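Descriptive structure summary
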Amino acid sequence: MIEAKGLTKFFGDYPAIEDVSFRAEPGEVVGFLGPNGAGKTTTMRILTGYTPPTSGTASIAGHDIQTQSLEARRAIGYLPETVPLYLDMTVRQYLSYMGALRGLSKQRIRSRIDDMFGLCRLEEYTDSLIGKLSKGYRQRVGIAQALLHEPPVLILDEPTIGIDPRQVVETRQIIRGLGGEHTVFLSSHILGEVSQVCDRVMIIHEGRIAAMDKAENLSESLGGTTRIILEVRGGTQNEITRILAGVPGVQSVEADESSGELSFIVECEPTQDLRAELARRIIERGWGLVDMHTAGLSLEEVFLRLTASQEEEDSASAEPEPA
Amino acid sequence: MNVRHIQTIWMKEIRTYFSSPIAYVIAAVFVGLTGFSFALSVESRFPEATVRGFLFGPTGAFFLVILMTPALTMRLFAEEAKLGTMELLLTAPIRDSEIVLGKFLAAFTMMLAMFSLTLYFPLLLIWFGDPEILPILTAYAGLVLMGSVAVAIGLLGSSLTSNQIVAAVVSLAVLLLLWLASFVATLGDPGSLWVDFIRFLSLNDHLRDLTFGILDSRDIVYFLSLTAFFLFITSRIVEMRRWR
Ligand SMILES: Nc1ncnc2c1ncn2[C@@H]1O[C@H](COP(=O)(O)OP(=O)(O)O)[C@@H](O)[C@H]1O
Ligand SMILES: [Mg+2]
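Nothing here was measured: the structure is a model prediction, and the numbers come from that model.

Let's talk about the pairing of strand E13 (residues 263-268) of chain A
Residues and elements named next belong to chain A. Most of E13 sits out of view: 6 of its 6 residues are buried. What you see with E13 is no split at all: Ser263, Ile265 and Glu267 on one side and Phe264, Val266 and Cys268 on the other are buried throughout. The pairing of strand E11 (residues 226-233) with E13 spans 6 bridges and is classified as antiparallel. Bridge pairing in E13 places Ile229 opposite Ile265. Direction of pairing for strand E12 (residues 250-256) relative to E13: antiparallel, over a ladder of 6 bridges. Residue pairing across strands places Asp256 opposite Ser263, the latter belonging to E13. The antiparallel hairpin formed by E12 and E13 contains 6 residues in its connecting segment, where Gly260 sits at a positive phi of about 100°.

Dropping the structure here:
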């Protein structure tokens, strides 16, 4: 459905992306994960025909994005990162304009708009001016616009950025439900999001594809630890470290004084929740537990771990196979 | 070119015009000031039973078209660039040229609507006097043709930037240059190639004959090709913006 081969884009001398190649099969939800500035938006803008690549080719539903641009664009629903909307239009006016731009008939526009109001839960705001909607609702209008013409391919650029957590959950549910019927290509800089929503994840770093794998394999290759951060008053650093490390299931403990308070980063197996046990041990000793929270890996760390495991795999597969 | 695509853009832009005060204000000022010119011309010591009175002069229709078209057109592309909706337009399955043409037609339609508000001047002339009809028709043809050039230039200005004020100022500069070209030409050597060329570009010279009822195909070709030229350039600029 989406096929990219060697996409490269230079802005002046600066390569925003280099040699990006991948495929997304029909019905698949593919996540595009990378920190800010990695080149996600640039890649998506090339696929949607907004900007031409410096070199490389891509096709959408079998249509080359450069030589058959209109056909390719017809097959795409696109939610740009900026969620562009006409603020002086009502939701209904906006959607019917977008439908007309995609060449839908009047009746089809009407029935599809009603479908979209239901799917994106916009029923209460059908005739509100878009300029008066909250960010989360604008995001839904953006998604509705992308889905309106039932495109086989959906390209969503950071669809959950800047909206409140409850709406993030709803938006993810909507996207998850789109797989199967649509090929979805979605970008994000949140690891948890792509691993929840996507079948397959592609990681981009500094304009290059760093890893590409099934979502579940990805969490495995990340070593599968969760980390708990504790802030403790009383006791020496060594003592506390020793006590925490003695809890079964803890893999490593690291002290961190960078924030002024003494805190400990505890890595543990994700299969069990050690928070209660850790707290008990601290309090038993008469120390004060000031703060405790779990934290995910930063994208930087994810990237490091992934490339490390990738190299291991590469060297493993480089061994000569028995003939 | 797909007519439906053009029509979609056209209708959307017209709706936007009617939902903002700018078009109403422009039309009101235009009708007011041209009415003032018209009244002066029929009140003068040697009243002419022609529409020339409301066309020429500092508050005449021609000069007002120069001054006011940029305000009418500045929004068309600059706002899309600012809102980011340009990304939607340029990834929709329609051609860049269809977008340009649709927007052009919308502003041009507004301009025609504004011109139609002045039709009571010739009606008054016919009611109270006995004017020649042909010069009135050709004068309006000149106004319409000039309007199309002005809108095309305004659209070009708007495609260059995401700042509406910059768009308006750039378009105004180009329009004034074309308007004043015949005056500029008088500063040079008569007979030199440059002076002839500048005179040829001048809006003024091509309009004069039309207001006297002289329909010269060269004048018509001039206005139409200038419009086509600016629309073509606008199309290319929209295409080039994709590279940034
Ligand atoms: N129009 C542009 N002109 C110049 N540089 C750009 C442009 N768009 C993006 N870049 C650069 O290309 C890199 C990738 O940007 P982008 O694709 O927006 O990343 P992401 O979406 O992953 O945050 C960034 O370093 C950015 O500064
Ligand atoms: Mg981005």
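A short note on the interface of chain B and chain A
In many analyses, interface size is given as the accessible surface area lost on bringing the parts together. On the chain A side, the residues contacting the 24 residues of chain B number 30 residues. Buried surface at the junction of chain B and chain A, summed over both partners, amounts to about 2,600 Å²; 60% is from carbon and sulfur atoms. Looking at the side of chain B facing chain A, the largest losses of area belong to B:Glu87, B:Leu88 and B:Pro93, adding up to 27% of the total buried there. Taking the shortest distance from any N to any O, the salt bridge between A:Arg45 and B:Glu87 comes out at 3.0 Å. When its residues are assigned to classes, the side of chain B that touches chain A shows 10 nonpolar, 6 polar and 8 charged.

Details of the site of ligand 1
Around ligand 1, the structure places A:Phe11, A:Tyr14, A:Ala16, A:Pro35, A:Asn36, A:Gly37, A:Ala38, A:Gly39, A:Lys40, A:Thr41, A:Thr42 and B:Arg244. Looking at the residues close to ligand 1, they fall on chains A and B. For ligand 1, an oxygen atom lies 3.1 Å from a polar atom in the side chain of A:Tyr14. Residue A:Ala38 places a main-chain N or O atom 3.2 Å away from an oxygen atom belonging to ligand 1. Coverage of ligand 1 by the protein chains reaches 66% of its 560 Å² of free accessible surface. Among the elements of the structure, strand E2 (14-24) and helix H1 (40-47) of chain A are those that each provide at least two residues to the shell around ligand 1. Looking at which element gives the most residues to the shell around ligand 1, the answer is H1(A), with 3 residues.

A closer look at the confidence of the model for chain B
Residue and element names in this part refer to chain B. Within chain B, residue pLDDT values average 90, and 98% of them lie at 70 or more. The secondary structure element of chain B with the lowest average pLDDT is helix H3 (residues 52-55), at 79, and the one with the highest is helix H7 (residues 96-116), at 97. Across the predicted assembly, pTM comes out at 0.84 and ipTM at 0.88.

As for the packing of helix H9 (residues 133-159) of chain B against helix H12 (residues 203-211) of chain B
Residues and elements named next belong to chain B. Between H9 and H12, the shortest axis-to-axis distance is 7 Å and the interhelical angle comes to 155°. Judged by the angle between their axes, H9 and H12 are roughly antiparallel. Residues Pro135, Thr138, Ala139, Gly142, Leu145, Met146 and Val149 of H9 form the contact with H12, whose participating residues are Leu203, Leu207, Leu210 and Thr211. Looking at the contact of H9 with H12 residue by residue, the classes come out as 8 nonpolar, 3 polar and no charged.

Description of the sheet that holds strand E7 (residues 153-157) of chain A
Residue and element names in this part refer to chain A. Judged by pairing direction, the sheet is mixed, and its 6 strands sit side by side in the order E6-E7-E8-E3-E9-E10 without closing on themselves. In this open sheet, the two edge strands, each paired with only one partner strand, are strand E6 (76-79) and strand E10 (208-214). Averaged over all neighbouring strand pairs, the angle between strand axes comes to 15°, with direction disregarded. As paired strands, E6 and E7 are joined by 4 bridges and run parallel to one another. If you follow Leu79 over to E7, its bridge partner there is Leu156. Here H1 sits on the sheet and contacts strand E3 (29-33), E6, E7, strand E8 (183-188) and strand E9 (200-205); the angle it forms with E8, its principal contact strand, is near 150°. Each of E3, E7 and E8 touches helix H6 (residues 165-178); the most contacted strand, E8, lies at about 145° to it.

Focus on the layout of surface pockets
Approximately 430 Å³ is the volume found for the largest pocket. Looking at the lining of the largest pocket, the elements with two or more residues in it are helix H3 (91-101) and helix H4 (106-119) of chain A together with helix H1 (3-19) of chain B. A per-element tally of the lining of the largest pocket places H1(B) first, with 6 residues. When grouped by side-chain class, the residues that make up the lining of the largest pocket number 6 nonpolar, 3 polar and 6 charged.

Quick notes on the rules
Residues numbered from 1 in each chain as written. Chains lettered and ligands numbered in written order. Predicted model: local features only at pLDDT ≥ 70, side-chain atom pairs only at ≥ 80, totals over all residues. Heavy atoms only, no water. Buried < 20%, exposed > 50% of the residue type's maximum accessible area, 1.4 Å probe, protein only. Helix = DSSP H or I, 4+ residues; strand = E, 2+ residues; numbered from the N terminus. Pairing = 2+ DSSP bridges. Contact = heavy atoms within 4.5 Å. Buried area = accessible area lost by both parts, 1.4 Å probe. Salt bridge = Lys/Arg side-chain N within 4 Å of Asp/Glu carboxyl O. Nonpolar A, V, L, I, M, F, W, Y, C, P; charged D, E, K, R; others polar. Near = heavy atom within 4 Å. Polar contact = N/O pair within 3.5 Å; in protein donor to acceptor, adjacent residues only side chain to side chain. Areas by Shrake-Rupley, 256 points an atom, 1.4 Å probe, with all protein chains shown as cover. pLDDT = per-residue confidence, 0-100. Axes fitted to C-alpha atoms, helices over the stretch in contact; angles between N-to-C directions. Parallel < 35°, antiparallel > 145°, perpendicular 65-115°, else oblique. 1 Å grid on protein atoms, 1.4 Å probe; cavity = no way out; pocket = protein on both sides within 12 Å on 5 of 7 lines; lining within 4 Å. Points joined across faces, edges and corners; volume = space filled by probe spheres on them.

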